[in-house]
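Observations on the model geometry
The residues making up each chain are set out below.
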Amino acid sequence: MTTAPTLQARIRATTFEAAGVLGLELVPLPPARALPAFAAGAHIDRHLTTPDGPLVRSYSLLNDPGETHRYCIGVHRDPRSRGGSRHVHEVLRPGQVLTLSAPRNHFPLDERAPFNVFIAGGIGITPLLGMIERSRALGIPWRLHYSARTRPHAAFLDRLAAWDRQGGGQVLLNFDCEPGGKMLDLRRLVAALPDGAHVYCCGPRPMLEAFEQATAGLPPGRVHREYFAAKGSPATGGGYSVALARSRRTLAVPEGKSLLDCLIEMQIEPPFSCREGVCGTCEVRVLDGTPDHRDLVLSDAERAANDRMMVCCSGARSPMLVLDL
Ligand code: FES
């Protein structure tokens, strides 16, 4: 079982947003129905069938979080695409219908912040657009540092330029592959944060790793990031047991298998989607034991609480885990 698809939406328009980036505007089906509401930072899962089997892909919602008449997403064509982004770029056209899950959010905006600083790399701009919309609506001052390879690779520049002109926030662009260009200096950006500012980052893995190093000295509650792809390898060392409290069964996880693989074999499946520890779909409550967290969804504080885990990629540090399954 994967995340249950709960709704269908029709592609109303596709737009060229930047080199390798298509924008899709999705409207409800039937048309009179409102789409489920979402908060800034949320994403939807798209379910599709490929010759290799079912596929689920997550896309951040980039339109105004107050809107329920449409979802807008941006899709970067991944040269290593296993079918998701390639299908969007080569096959999808206005009028076609997509099957989606309702929005979920593992990258929420803290609406109490006195100032928000956003750092985006490439397609990582997408979740931050909704956050800037929301900051503007709340009157929270903000600053965006947006880095792309070159100007033609930077998406949604018209929208960003309009916000910059209207005041209340500032857009600073960086093109690291243009002549004289260089990578964003995240240590310098973090050192210059306004008092109490919250800082959000989404982009390629090297940028996120540099961001984590640069923000290591900040209070964790002010630091927020979202990964699009796995950073490390899943826990497949095995050698531990799992008691399933609700189904009153126990399983032994052998070396070479993930906990999710074992659960699927037993036909006790939590919902799952990415299988890489980035979407949060497979979260399960931990009733006892110590997980070996390998996901990129939980914060350090949430990991330390040991009361939940992502079973697609995480394992156990204790000989036994008790799960609410
Ligand atoms: S399935 Fe995405 S985090 Fe586990």
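Note that the structure is predicted; figures quoted are calculated from it, not measured. (Residues numbered from 1 in each chain as written. Predicted model: local features only at pLDDT ≥ 70, side-chain atom pairs only at ≥ 80, totals over all residues. Heavy atoms only, no water.)

**A closer look at the side chain of Thr126**
Tracing the backbone through its elements, the reader meets Thr126 in helix 2 (residues 125–138). Polar contacts involving the side chain of Thr126 include one to the main-chain carbonyl oxygen of Ile123, which spans 3.0 Å. If near-sequence neighbours (up to four positions away) are discounted, Thr126 is found in contact with Ser60, Leu61, Leu62, Gly74, Phe156 and Phe228. (Helix = DSSP H or I, 4+ residues; strand = E, 2+ residues; numbered from the N terminus. Polar contact = N/O pair within 3.5 Å; in protein donor to acceptor, adjacent residues only side chain to side chain. Contact = heavy atoms within 4.5 Å.)

**Topic: the domain arrangement of the protein**
By domain assignment, the protein separates into domain 1 (7–100), domain 2 (116–226) and domain 3 (240–323). If you average the C-alpha positions of domain 1 and of domain 2, the two centres end up 23 Å apart. In this complex, domain 1 contributes 15 residues to the contact, which on the side of domain 2 involves 15 residues. A combined buried area of about 1,200 Å² lies between domain 1 and domain 2, and 64% of that area is made up of carbon and sulfur atoms. Here domain 1 and domain 2 share zero salt bridges between them. Taken together, the links from domain 1 to domain 2 amount to two residue pairs in polar contact (both at pLDDT 80 or more). Among the secondary structure elements, those contributing two or more residues to the side of domain 1 that touches domain 2 are strand 1 (7–18) and strand 5 (71–76). It is strand 5 that provides the largest number of residues to the side of domain 1 that touches domain 2, a total of three residues. For the side of domain 1 that touches domain 2, the per-class residue count stands at eight nonpolar, five polar and two charged. (Domains from an automatic or database assignment. Buried area = accessible area lost by both parts, 1.4 Å probe. Salt bridge = Lys/Arg side-chain N within 4 Å of Asp/Glu carboxyl O. Nonpolar A, V, L, I, M, F, W, Y, C, P; charged D, E, K, R; others polar.)

**Here we look at helix 5 (residues 205–214)**
Every buried residue of helix 5 is accounted for by Met207, Leu208, Phe211 and Ala214. All buried residues of helix 5 fall inside an arc of 120° around its axis, so they share one side. For helix 5, the exposed residues set more than 90 degrees away from the buried face come down to Pro206 and Gln213. Against strand 7 (116–121), strand 8 (142–148), helix 4 (186–191), strand 10 (198–202) and strand 11 (223–226) lie the buried residues of helix 5. (Buried < 20%, exposed > 50% of the residue type's maximum accessible area, 1.4 Å probe, protein only. Arc of directions from axis to C-beta.)

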